[in-house]
Amino acid sequence: MTKKEIVKAISDELGLTQLQTKAIVQRTFESIIETLVHDPKHRIELRNFGVFEVKKRAARKARNPRTNERVDVEEKYVVTFKPGKEMEEKVRQLMKAEEEKAAAGQASANPTPSPSQDGQAAPYSPQSIESSMNHG
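The model shown is predicted, which means the values in this text are computed figures rather than measured ones. (Residues numbered from 1 in each chain as written. Predicted model: local features only at pLDDT ≥ 70, side-chain atom pairs only at ≥ 80, totals over all residues. Heavy atoms only, no water.)

Draft legend 1. Representation of the sheet that holds strand β5 (residues 76–83) within the structure. Ordered by their spatial adjacency, three strands build an open sheet running β1-β2-β5, and the pairing between neighbours is antiparallel. Sheet topology places β1 (43–46) and β5 at the edges, where each strand pairs with a single neighbour. Adjacent strand axes in the sheet meet at a mean angle of 25°, parallel and antiparallel pairs treated alike. In this structure, strand β2 (residues 50–57) lies alongside β5, joined through eight bridges in antiparallel fashion. The residue bridging Val 54 from the neighbouring strand is Val 79, located in β5. Packed onto the sheet, helix α2 (residues 18–38) meets β1, β2 and β5 and runs at close to 135° relative to β1. (Pairing = 2+ DSSP bridges. Helix = DSSP H or I, 4+ residues; strand = E, 2+ residues; numbered from the N terminus. Axes fitted to C-alpha atoms, helices over the stretch in contact; angles between N-to-C directions. Contact = heavy atoms within 4.5 Å.)

Draft legend 2. Inspection of a nonpolar patch on the surface at higher detail. A contiguous nonpolar patch, built from Ile 10, Leu 14, Leu 16 and Ile 24 and spanning about 340 Å² of accessible area, is present on the exposed surface. Within the secondary structure, Ile 10 sits in helix α1 (residues 3–14). (Patch = residues over 30% accessible without salt bridge, like charges linked within 9 Å, V, L, I, M, F, W, Y side chains within 5 Å. Areas by Shrake-Rupley, 256 points an atom, 1.4 Å probe, with all protein chains shown as cover. Salt bridge = Lys/Arg side-chain N within 4 Å of Asp/Glu carboxyl O.)

Laid out in structure tokens, this is it:
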């Protein structure tokens, strides 16, 4: 989802113009960035959403995958995000629903053969092949 799509969804839901909503969304993002940069803790906690935090990554040795050459990577600051409990729970529910959907899709992709009109297994079904092997 893009920022433009977020703006449209919020403006539709709240009855604001997209211009008003865009200004609010943009200011929210700018505020998060400003807080991360200027706050002494370099941290912003949004209850039921998550925590953004600036952390220092130590210098390390790495390897260039193309040349296989060892490379020194300098220390750097990175932004991390740890989702809140509510977000984690909703994602967990999504994963569960996707797994159930996939299981249902596999079941419908491999249905058990249905009998033909006369009650016999359809020609060349796994059951007809198996029964011909056992009775042959």
